[in-house]
Amino acid sequence: MAENFLEIKDLMKSFGTGEAKQEVLRGMNFTVNKGEFCVLLGPSGSGKSTLLNIIGGIDTPDSGFVSINGDKLEDMDEKQLTIYRRKHLGYVFQMYNLIPNLNVKENIEVGAYLSDKPLDVEEVITTLGLQDHKYKYPNQLSGGQQQRVSIGRAVVKNPDILMCDEPTGALDYKTSKEILALIEDCNKKYGSTIIMVTHNEAIKYMADHVIKLRDGIVRHNDINDKKIPASELEW
Amino acid sequence: MRNPLVKRIPKELASDWHKYLVIILFMVGMIGVISGMYVGRDSMIAAIKAGKEELNLEDGCFELSHKASDEMLDSICTGGMADVKQYFIDEGMKEADEKVEEEIEKELRSTVEEAIEDGVRAQCEAYGITDEAMIQEQIKTAMDENFDSALDEARDSDEFKKAVNEAYEEAHKEVLKAVDEEWEDIAEEYKLNDPGFSPVPVKVFEHFYRNESEDNNNDGTEDATVRIFKSDSTVDMASVIVGRVPENKNEIALDRNHAETVGVSVGDNVRISGKEFEVTGLVSFVNYLTMHESNTDLMFDAFGFDVAMVTPEAFDELPSRLHYNYSFFYESEPADKAAQKDTSEAFLKALITQSVVYDNELKDYLPTYLSQARNFAISDIDGDSTGTGIFCYILIAVIAFIFAITISNTIDKEASVIGTLRASGYSKGELIVHYMSMPFIVTIAGAVIGNALGYTAFRGMAVNLYYNTYSLPTPRLVWSPSALVKTTVIPLLLMFLINLFIIVKKLQLSPLKFLRHDLTKSRRTKARRIPAWSFLRRFRIRVLFQNMPNYAVLIFGVILSELMLCFAFGLTDSLVNYGDKAPEMVFAEYQYMLMGYKDKDGNVIETDENTAERFSCHSLMYPKQKSDFSRFEGMGSGGDESITVYGIADNSQYISLPADVPEGSVFASTAFRDKFYLKEGDVLSLHEEYENKSYEFTIKGFVDYDGGIAVFMSNENFNKTFDKKSGEFSGYFSRNEITDIDEQDIATVITVEDISKVTTQLMHSVGGFIEIFKYAMIILAAALIYLLAKIIIERNEHSISMVKILGFKNGEIGSLYIIPTAIVVVLFTLISLVVGYFLMLWIFHAFLLQMDGYFAFYMKPLSMVLSVLYLLVGYAFVSMIDFFRIKKIPMDVALKNVE
Ligand SMILES: Nc1ncnc2c1ncn2[C@@H]1O[C@H](COP(=O)(O)OP(=O)(O)O)[C@@H](O)[C@H]1O
Ligand SMILES: [Mg+2]
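> Would you take a moment to explain the overall build of chain B for this structure?
When you go through chain B residue by residue, the secondary structure sums to 25 helices and 20 strands. For chain B, the proportion of its 899 residues judged to be buried stands at 50%. Carbon and sulfur atoms provide 56% of the accessible area of chain B, an area that totals close to 43000 Å².

> Teacher, can you tell me more about the nonpolar core here?
Side chains of a nonpolar character, in soluble globular proteins, are inclined to be buried together. One finds B:Phe403, B:Leu472, B:Leu507, B:Phe672, B:Leu684 and B:Tyr817 to be the most contacted residues of the largest nonpolar core, which totals 148 residues. The greatest single-element share of this core, amounting to 18 residues, is contributed by helix α21 (residues 752-795) of chain B. In this structure B:Leu684 touches B:Tyr622, B:Val666, B:Phe672, B:Leu678, B:Tyr695, B:Glu696, B:Phe697, B:Ile699 and B:Val711, once residues within four positions along its chain are discounted. In this structure, A:Cys164, A:Tyr190, A:Ile203 and A:Met206 belong to the second largest nonpolar core, which totals 38 residues.

> Even after reading the chapter, I still don't get the pattern of salt bridges, so can you show me in this structure?
Opposite charge on two side chains makes pairing possible when the charged atoms of those side chains draw close. Residue and element names in this part refer to chain B. A full pass over the atoms with the stated rule returns 42 salt bridges over all chains. Here Glu 54 makes a salt bridge to Arg 476, at a shortest N to O gap of 3.0 Å. Within this pair, whereas Glu 54 is found in helix α2 (residues 17-54), its partner Arg 476 is found in the loop between α14 (457-469) and α15 (481-507), the two being separated by 422 residues in sequence. Residue Glu 54 is classed as partly exposed on the basis of its relative accessible area of 47%. Two residues, Asp 194 and Lys 349, come together in a salt bridge whose shortest N-O distance is 3.1 Å. Here Asp 194 is found in the loop between α6 (158-190) and β2 (202-206), whereas its partner Lys 349 is found in helix α9 (residues 337-357), with 155 residues between them in sequence. You can call Asp 194 partly exposed: its relative accessible area is 33%. Through salt bridges with shared partners, one network takes in Glu 105, Arg 109, Asp 152 and Arg 155.

> Is there a simple way to think about unusual backbone geometry in this case?
The bulk of non-glycine residues show a negative phi, and the bulk of peptide bonds are trans. Residues and elements named next belong to chain A. A positive phi angle, near 45 degrees, is found at Glu 166, a position not held by glycine. Tracing the backbone through its elements, the reader meets Glu 166 in the loop between β7 (161-165) and α6 (173-190). With relative accessibility at 12%, the residue Glu 166 sits in the buried group. Despite not being glycine, Asp 215 has its phi angle at roughly 50 degrees, a positive value. Note on placement: Asp 215 falls in the loop between β9 (209-214) and β10 (217-223).

> I tried to follow helix α5 (residues 132-156) of chain B on my own but got confused; where do I start?
The α-helix winds at 3.6 residues per turn, so residues separated by three or four positions along the chain end up facing the same way. All names here are of chain B. Of all the bends in α5, the largest measures some 55 degrees and sits at Asn 146. Of all the positions in α5, only Ile 135, Ile 139, Ala 142, Met 143, Phe 147 and Leu 151 are classed as buried. Those residues of α5 that are buried lie in contact with α4 (84-127).

> Explain a negative patch on the surface to me, please; I cannot follow it from the model alone.
Residues and elements named next belong to chain B. A contiguous patch of negative charge, built from Glu 95, Glu 98, Glu 101, Glu 102, Glu 103, Glu 107, Glu 113, Glu 114 and Asp 118, is present on the exposed surface. Here Glu 95 is to be found in helix α4. Given a relative accessible area of 53%, Glu 95 falls into the exposed group.

> Hey, could you run me through the site of ligand 1 in this one?
The environment of ligand 1 is formed by A:Phe15, A:Gln22, A:Val24, A:Pro43, A:Ser44, A:Gly45, A:Ser46, A:Gly47, A:Lys48, A:Ser49, A:Thr50 and B:Arg516. Backbone polar atom of A:Lys48 to an oxygen atom of ligand 1: 2.9 Å apart, as the coordinates give it. A:Ser49 places a side-chain nitrogen or oxygen 2.7 Å from an oxygen atom of ligand 1. When the free accessible area of ligand 1 is taken as 560 Å², the share hidden by the protein chains comes to 69%. Mapped onto the shell around ligand 1, the elements with two or more residues apiece are β2 (22-32) and α1 (48-55) of chain A. When residues of the shell around ligand 1 are assigned to their parent elements, the largest contribution, 3 residues, is made by α1(A). Among the residues forming the shell around ligand 1, the class breakdown is 3 nonpolar, 7 polar and 2 charged.

> What is the right way to look at the packing of helix α17 (residues 535-546) of chain B against helix α23 (residues 810-849) of chain B in this model?
Relative placement of two packed helices is described by the angle separating their axes and the distance separating the axes. Residue and element names in this part refer to chain B. Relative orientation of the contacting elements α17 and α23 amounts to 60 degrees, with a least axis distance of 9 Å. By the angle between their axes, α17 is oblique relative to α23. Crossing of α17 over α23 shows right-handed handedness. For the pair formed by α17 and α23, the contact residues are Leu 536, Phe 539, Arg 540, Val 543 and Leu 544 on the first element and Ser 815, Leu 816, Tyr 817, Ile 819, Pro 820 and Val 824 on the second. For the contact of α17 with α23, a count of residues per class yields 9 nonpolar, 1 polar and 1 charged.

> It is not clear to me how the packing of aromatic side chains should be interpreted in this structure. Could you clarify?
Residue and element names in this part refer to chain B. A complete count under the given rule lists 45 aromatic pairs over all chains for this structure. Judged by centre distance (6.1 Å) and plane angle (45 degrees), the rings of Phe 615 and Tyr 646 are tilted. Of this pair, Phe 615 sits in strand β13 (residues 613-623) while Tyr 646 is found in strand β14 (residues 640-648), placing the two residues 31 residues apart along the sequence. Taken together, the aromatic side chains of Phe 62, Phe 208, Tyr 324, Tyr 326, Phe 328, Tyr 330, Phe 347 and Tyr 365 make up a single cluster linked through ring pairs. A cation over an aromatic ring shows up here: Lys 275 above the ring of Phe 277, its NZ or CZ 4.6 Å from the ring centre. Positioned above the aromatic ring of Phe 702 is the side chain of Arg 673, whose terminal nitrogen or guanidinium carbon lies 5.2 Å from the ring centre.

> Looking at this structure, I do not really get the environment of B:Ile394. What am I missing?
Residue and element names in this part refer to chain B. Here Ile 394 shows up in helix α11 (residues 385-413). Taking relative accessible area as the criterion, Ile 394 reaches 36% and is therefore assigned partly exposed. Taking the C-alpha atoms as reference, Ile 394 lies 8.8 Å from Leu 560; in sequence the two are 166 residues apart.

> Can you help me understand the interface of chain B and chain A in this one?
Interface size, as often reported, equals the accessible area lost upon joining of the parts. The interface of chain B with chain A comprises 28 residues on the first partner and 33 residues on the second. For the pair chain B and chain A, the two sides together bury roughly 2700 Å², of which 57% comes from carbon and sulfur. Where chain B touches chain A, the interface holds 5 salt bridges. When the shortest N-O distance is used, the salt bridge between A:Glu109 and B:Lys7 registers 2.7 Å. The tally of links from chain B across to chain A stands at 15 residue pairs in polar contact (both at pLDDT 80 or more).

> Is there a simple way to think about the sheet that holds strand β6 (residues 89-92) of chain A in this case?
Strands belonging to one sheet form pairs held by backbone hydrogen bonds; the direction of such a pair is parallel or antiparallel. All names here are of chain A. Spatial ordering of the open sheet is given by β6-β7-β8-β3-β9-β10, a layout of 6 strands whose pairing is mixed. With one partner strand each, in any of the chains shown, β6 and β10 form the two edges of the open sheet. In this sheet, adjacent strand axes meet at a mean angle of 15 degrees when their direction is disregarded. Pairing analysis gives 4 bridges linking β6 to β7, with the strands arranged parallel. Bridge pairing in β7 links Tyr 91 to Met 163. Its contacts with the sheet put helix α2 (residues 78-88) on β6 and β7, and the angle it makes with β6 is roughly 80 degrees.

Rules used in this analysis
Residues numbered from 1 in each chain as written. Chains lettered and ligands numbered in written order. Predicted model: local features only at pLDDT ≥ 70, side-chain atom pairs only at ≥ 80, totals over all residues. Heavy atoms only, no water. Helix = DSSP H or I, 4+ residues; strand = E, 2+ residues; numbered from the N terminus. Buried < 20%, exposed > 50% of the residue type's maximum accessible area, 1.4 Å probe, protein only. Areas by Shrake-Rupley, 256 points an atom, 1.4 Å probe, with all protein chains shown as cover. Core = buried A, V, L, I, M, F, W, Y, C linked by side-chain atoms within 4.5 Å. Contact = heavy atoms within 4.5 Å. Salt bridge = Lys/Arg side-chain N within 4 Å of Asp/Glu carboxyl O. Bend = angle between axes of the 7 residues up to and from the residue. Patch = residues over 30% accessible without salt bridge, like charges linked within 9 Å, V, L, I, M, F, W, Y side chains within 5 Å. Lys, Arg positive; Asp, Glu negative; His and termini not counted. Charge placed at Lys NZ, Arg CZ, Asp CG, Glu CD. Near = heavy atom within 4 Å. Polar contact = N/O pair within 3.5 Å; in protein donor to acceptor, adjacent residues only side chain to side chain. Nonpolar A, V, L, I, M, F, W, Y, C, P; charged D, E, K, R; others polar. Axes fitted to C-alpha atoms, helices over the stretch in contact; angles between N-to-C directions. Parallel < 35°, antiparallel > 145°, perpendicular 65-115°, else oblique. Left-handed = near helix turned anticlockwise from the far one by under 90°. Phe/Tyr/Trp six-rings, centres within 6.5 Å; stacked < 30°, edge-to-face > 60°. Lys NZ or Arg CZ within 6 Å of the ring centre and 35° of its normal. Buried area = accessible area lost by both parts, 1.4 Å probe. Pairing = 2+ DSSP bridges.

So, in structure tokens, the structure goes:
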């Protein structure tokens with residue numbers, strides 16, 4: 001496992017100006033190793049998404065930096081950032097954001113297209129348990145199924161890092177656990193580094209690395225030696 | 001791997017097929033019609049141009065009073081001027097010599113007679129004879145005996161010889177002086193002393209014709225004048241459109257347009273000056289593309305004038321006077337317009353001088369470049385495309401905006417997806433290409449189908465339109481790159497650029513903003529405050545505010561539609577109005593233009609008709625440089641408008657001018673005023689067309705006259721201004737027909753029918769087209785409104801679904817979303833009637849400035865009401881469709897979070 005694959009250093013970010021100014025990230029420091037399942041934990045509004053977006057290169061910090069494999073994001077221009085995301089990142093959001101007039105298979109192909117080393121689309125569909133739904137359109141699927149497709153779209157790229165922003169935030173208990181198991185699978189099977197944002201404390205037990213945020217700084221940065229499978233989580 | 005997003009495109013097309021169908025139809029219709037018009041025009045122009053060579057179009061023609069001798073033709077062909085002065089001198093000398101000789105003989109005889117008489121008388125006195133009778137007797141005898149010898153003697157005397165020489169010298173001097181003076185006048189009049197003159201060698205061909213009367217329905221009355229040429233002519237030939245050229249004595253080929261206009265077809269019989277002929281062919285003469293009988297005709301007349309050919313045998317047997325018309329061809333073609341003018345003027349000088357020295361008379365002269373019959377159609381066909389082109393681009397721009405708005409709405413709707421895609425590494429370029437492909441595909445499809453139709457069906461339509469109006473040869477299908485550029489390349493570019501601009505701008509935002517649905521560049525800090533109205537009312541206001549950009553486009557579309565309707569209605573109305581006003585377009589029931597104010601014998605031309613009143617007129621040019629619009633090629637007057645200056649009798653019954661208007665002050669016609677925005681006190685600077693001479697007039701007021709661009713002054717001032725002799729005039733106005741003036745002295749007569757002829761011809765040519773155009777405009781307007789209204793509903797799909805869930809009834813929702821649109825549409829339809837009307841006035845005026853003459857834009861109040869009504873009915877229909885659309889929006893649009 002490569003050490004310090006992802007390094008976050010003195011990250012600061014605020015929104016607004018004057019009285020309305022709100023410091024969301026106030027000097028954030030941590031590193032993540034390659035292949036780690038890392039959970040960013042914190043209450044709603046604590047800046048988790050903001051942090052994730054900065055790591056993903058779709059938002060910029062006011063100061064500090066993010067480096068991946070030694071490459072600092074701040075040195076990249078927009079084009080290079082796009083290539084960086086394209087080559088290395090997969091994204092899963094709380095909202096599934098599927099393309100309404102493409103079917104399941106096609107939505108997953110949208111991800112595969114971006115990658116130099118995509119996984120086999122059919123295989124991913126099977127892994128996600130979507131074989132029976134592959135020609136359905138998003139509005140013919142349940143929320144959980146849609147989220148599977150969205151994970152499929154991210155995973156099929158075979159990304160170095162899979163970024164998940166509250167992937168289970170809109171799902172029920174049972175479905176949530178299924179989704180978490182899938183993400184766990186991807187981590188194991190394809191060796192992707194996972195960075196998952198959640199406000200759900202229970203989820204930390206399945207992670208290798210738990211980072212707790214509060215008031216814009218890292219409160220806890222723990223390595224979890226005794227992680228349990230997602231299917232055994234309870235909350 | 002192909003971008004999987006491509007798969008969306010056919011699905012998008014399929015799911016929203018009515019919208020795209022409307023757009024494609026719209027584009028196909030427009031591009032088809034316009035490419036058809038361009039291609040039709042280019043085919044027509046190509047055929048016309050080809051005819052110049054293939055049918056031997058003359059460079060001009062002239063008519064002589066009688067047949068030219070071979071020597072005369074040879075001299076004309078050299079293109080040089082004859083020495084008219086020498087001719088005058090020779091003629092004068094000859095005459096003078098004869099006279100002198102006669103005088104001298106008379107003088108001599110009387111001198112000798114006197115001498116003999118004196119001698120006899122002296123002798124008689126010497127003899128004392130006083131009886132007078134005796135003396136006379138003696139004288140007579142002496143005369144008989146001595147006269148001849150005395151005469152010879154006197155002739156031989158030096159004294160006499162000297163006297164004779166003196167007389168001749170004196171007479172010759174006088175002749176030279178007289179010729180000098182006369183020559184001066186003539187030379188000045190025809191500019192014969194031009195040192196820059198160089199001969200214009202030409203080839204000349206006989207091209208005689210006769211004007212016969214044509215009775216085309218065998219009812220015994222004359223229906224038209226037909227100008228008949230020989231069918232074996234090798235110059236100014238005709239292309240045969242239907243049938244064949246006449247081969248037998250009783251066969252005739254008529255002009256196609258005339259024949260179709262009056263309903264004659266191949267196989268029919270027509271009576272030409274009483275004799276029956278069978279029509280074997282319908283043709284188009286290369287030098288008669290319009291039925292202009294005379295080059296000064298206000299308008300061509302396909303009803304009342306015809307050009308035809310019969311075999312030479314039949315030609316020789318026709319009863320009417322032979323016109324000794326000759327066609328000439330320059331040996332070297334003038335390079336351009338200016339050279340055309342110089343060459344033709346130089347050749348005219350040669351012609352004038354040659355006809356003088358060969359004792360012939362030049363009756364008519366018309367270089368082809370000035371021929372209305374040849375050029376009117378060409379300039380019309382060639383010229384009328386600018387307007388359509390611009391109109392097409394405006395429509396394309398509107399469609400492009402409709403597209404851009406649709407896409408921009410789609411982008412808004414798909415913001416999260418776009419954010420996700422961007423976050424996952426899709427580049428901006430890929431998304432731009434993706435969103436651009438739709439308008440691109442639709443435009444390409446529209447352009448391809450449109451062009452295909454343009455080259456087939458619509459081309460035929462355009463050609464038919466031209467055929468209806470003009471006497472044209474068979475068109476040739478030409479590949480028209482200009483049509484392709486104008487109907488395909490430019491629309492594609494317009495579509496492409498407008499969409500690119502909007503999509504690029506829209507996709508410029510960061511992925512994060514898309515993810516957060518934060519798509520407005522500047523975030524509104526405060527929500528608009530709305531007074532404490534009822535909830536529904538506030539809701540409507542919110543709908544209005546939220547859809548501002550959509551409404552802006554809708555309003556633009558409404559204005560455009562209304563403009564199109566104003567145009568469609570206004571054109572018909574203006575034409576009808578012109579026809580209705582025809583009687584007001586003449587000053588008098590009859591207007592006689594005379595050849596000169598004196599007849600051949602030098603007597604002032606008078607009439608006993610007591611409503612007759614003398615007037616003078618003269619044509620001057622008004623510089624149009626004030627307008628930025630470039631003139632169409634074709635007509636003779638360059639960039640200037642031709643103005644008629646009238647001199648009017650005091651206390652005229654026909655045009656009332658105040659008395660005692662000082663010289664240099666004029667009254668302008670209202671048409672002149674309205675065309676060039678003149679006002680009282682303006683100073684007009686008018687100049688002669690062919691001379692470097694100009695006049696300044698101050699406008700004193702206006703005369704209510706829309707028939708022409710004219711100014712009026714008193715006859716007296718007229719004669720002073722133009723250095724005419726007092727008492728000179730140009731013609732008569734009269735309420736009744738004048739019968740006591742010799743036909744020979746009358747140049748033209750203008751009556752109300754002549755003006756009506758113009759309208760009839762115009763109605764016949766374009767009436768049908770305008771009617772079609774009107775309905776096309778109405779359909780276009782409805783399609784526009786349909787697309788724009790659809791966008792508004794689409795845009796609000798999500799919220800409509802949401803309010804449905806909240807429990808609003810369809811009716812209420814309809815009222816929420818349709819009423820604001822309805823209010824906007826009704827309000828702006830009314831506003832745009834005003835805007836459209838005035839815009840139309842402006843456009844029409846701009847268009848008018850490019851042409852000569854005046855044609856007022858007019859719209860009936862009923863048409864105004866109708867134009868608004870059509871638009872509103874169209875909108876009401878669209879609203880109904882909208883209502884069904886709202887009904888159909890499922891509730892789960894809001895619930896199913898598929899974004
Ligand atoms: N674009 C933005 N403009 C202003 N404030 C923002 C913006 N994005 C996030 N915030 C604020 O930053 C804080 C952290 O947001 P976020 O990172 O989304 O929290 P979390 O994901 O932990 O719930 C919130 O209080 C939010 O209001
Ligand atoms: Mg969040």
